[in-house]
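Secondary and tertiary structure notes
Each chain is listed here by its residues.
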Amino acid sequence: MNVDTCRAWMLRFSELIDAEADRLTALDAAIGDGDHGVNMRRGMRAAVAALGESPPETPGRVLVATGRALVAKTGGAAGPLYGTGFRRAGKALTDTEAASAAEVGAALVAMLAGIQELGQAVEGDKTMVDALAPAVSAFEASAGDGLSAAAQAAAKAAADGAVATVPLQARKGRASYLGERSIGHEDPGAASTALLLRALAEVTAES
Ligand code: ADP
Ligand code: MG
């Protein structure tokens, strides 16, 4: 992954967030406060603007700049969580100019670790971790087949992980205040994480 692919990943993520903002907000209206789509759209638009104003020179710096914009501009719980995750992922890539599939896998591991350290959620708590953790495992299992194959596997695992949050009861975040009433709805943060991995699969797809 070079800097152009990484920037394309963030631009595509922002496009998918724009396209799905209403769905993300509707999911959050069911078990939260109905702002996840709006939060993520504001944050990713700010990230894309920052990447345009002073284009970073390495993929790691693209992710760090995205994380910084998300922390500054995205409200709610998701902003600091994603922001920390992107910054950790970017730092894990150091200043490499072309990250291998294994290096991208290590960056995703760092993203997950950052999100879990900050949010203290484990798999099954009905959060973004339920999409990201299986995606990271799937990516690492396929990294030997190259970036594109690993990203496709991760995207599928994240999408499946998001859907699998429907029957769970939330144990972290705002949705946990609902107790059993959080059961039966997809977690909005898991849904947005599935878009992040889908964007990666799309920009790395071999034509
Ligand atoms: P808020 O809940 O503050 O309104 P958002 O609506 O933007 O923030 O984001 C909600 C999402 O954040 C949830 O769907 C969940 O995936 C994620 N989330 C909340 N708390 C945590 C946590 N402690 N760890 C991981 N993810 C969390
Ligand atoms: Mg919310």
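Residues numbered from 1 in each chain as written. Chains lettered and ligands numbered in written order. Predicted model: local features only at pLDDT ≥ 70, side-chain atom pairs only at ≥ 80, totals over all residues. Heavy atoms only, no water.

1. So, the site of ligand 1
What surrounds ligand 1 is a group of 20 residues, the closest being D33, H36, A77, G119 and D187. Residue H36 places a side-chain N or O atom 2.9 Å away from an oxygen atom belonging to ligand 1. In the environment of ligand 1, an oxygen atom lies 3.3 Å from a nitrogen or oxygen atom belonging to the side chain of R174. Surface burial for ligand 1 is 93%, taken as the share of its 560 Å² of free accessible area covered by protein chains. The cavity that encloses ligand 1 is the largest pocket. Mapped by element, the contributors of at least two residues to the shell around ligand 1 are α2 (36-53), α4 (78-92) and α8 (188-204). (Near = heavy atom within 4 Å. Polar contact = N/O pair within 3.5 Å; in protein donor to acceptor, adjacent residues only side chain to side chain. Areas by Shrake-Rupley, 256 points an atom, 1.4 Å probe, with all protein chains shown as cover. 1 Å grid on protein atoms, 1.4 Å probe; cavity = no way out; pocket = protein on both sides within 12 Å on 5 of 7 lines; lining within 4 Å. Sits in = over half its atoms within 2 Å of the grid points. Helix = DSSP H or I, 4+ residues; strand = E, 2+ residues; numbered from the N terminus.)

2. A word on the coordination of the magnesium ion (ligand 2)
All of the protein donors around the magnesium ion (ligand 2) are D28 (OD), D33 (OD) and D35 (OD); their distances to the metal are 2.0 to 2.2 Å. If you list the donors of the magnesium ion (ligand 2) from N- to C-terminus, the spacing comes out as D-x4-D-x1-D. With relative accessibility at 9%, the residue D28 sits in the buried group. A relative accessible area of 23% means that D35 is categorised as partly exposed. (Donors = N, O, S within 2.8 Å, 3.2 Å for Na, K, Ca; no water. Buried < 20%, exposed > 50% of the residue type's maximum accessible area, 1.4 Å probe, protein only.)

3. Remarks on unusual backbone geometry
The backbone phi angle of T94 is positive, close to 45°, even though this residue is not glycine. With a relative accessible area of 54%, T94 lands in the exposed category. For K126, which is not a glycine, the phi torsion comes out positive at approximately 65°. Owing to a relative accessible area of 1%, K126 belongs among the buried residues under this scheme.

4. Concerning the environment of S100
Counting through the fold element by element, S100 comes out in the loop between α4 and α5 (101-119). In this structure, the C-alpha to C-alpha distance between S100 and L147, residues 47 residues apart in sequence, is 7.2 Å.

5. Re the side chain of T193
Structurally, T193 is set in helix α8. Those residues in contact with T193 that sit more than four places away from it in its chain are Y82, M128, A131 and L132. (Contact = heavy atoms within 4.5 Å.)

6. Let's talk about the environment of E180
By the element assignment, E180 lies in the loop between α7 (147-163) and α8. Separated by 11 residues in the primary sequence, E180 and Q169 place their C-alpha atoms 5.9 Å from one another.

7. Observations regarding the packing of aromatic side chains
Within the structure shown, the criterion is met by 3 aromatic pairs. With centroids separated by 6.4 Å and ring planes inclined at 45°, the aromatic side chains of F13 and F86 adopt a geometry described as tilted. Here F13, found in helix α1 (residues 3-31), pairs with F86, found in helix α4; they are 73 residues apart in sequence, far enough to count as distant. Classification of F86 by relative accessible area gives buried; the value is 0%. (Phe/Tyr/Trp six-rings, centres within 6.5 Å; stacked < 30°, edge-to-face > 60°.)

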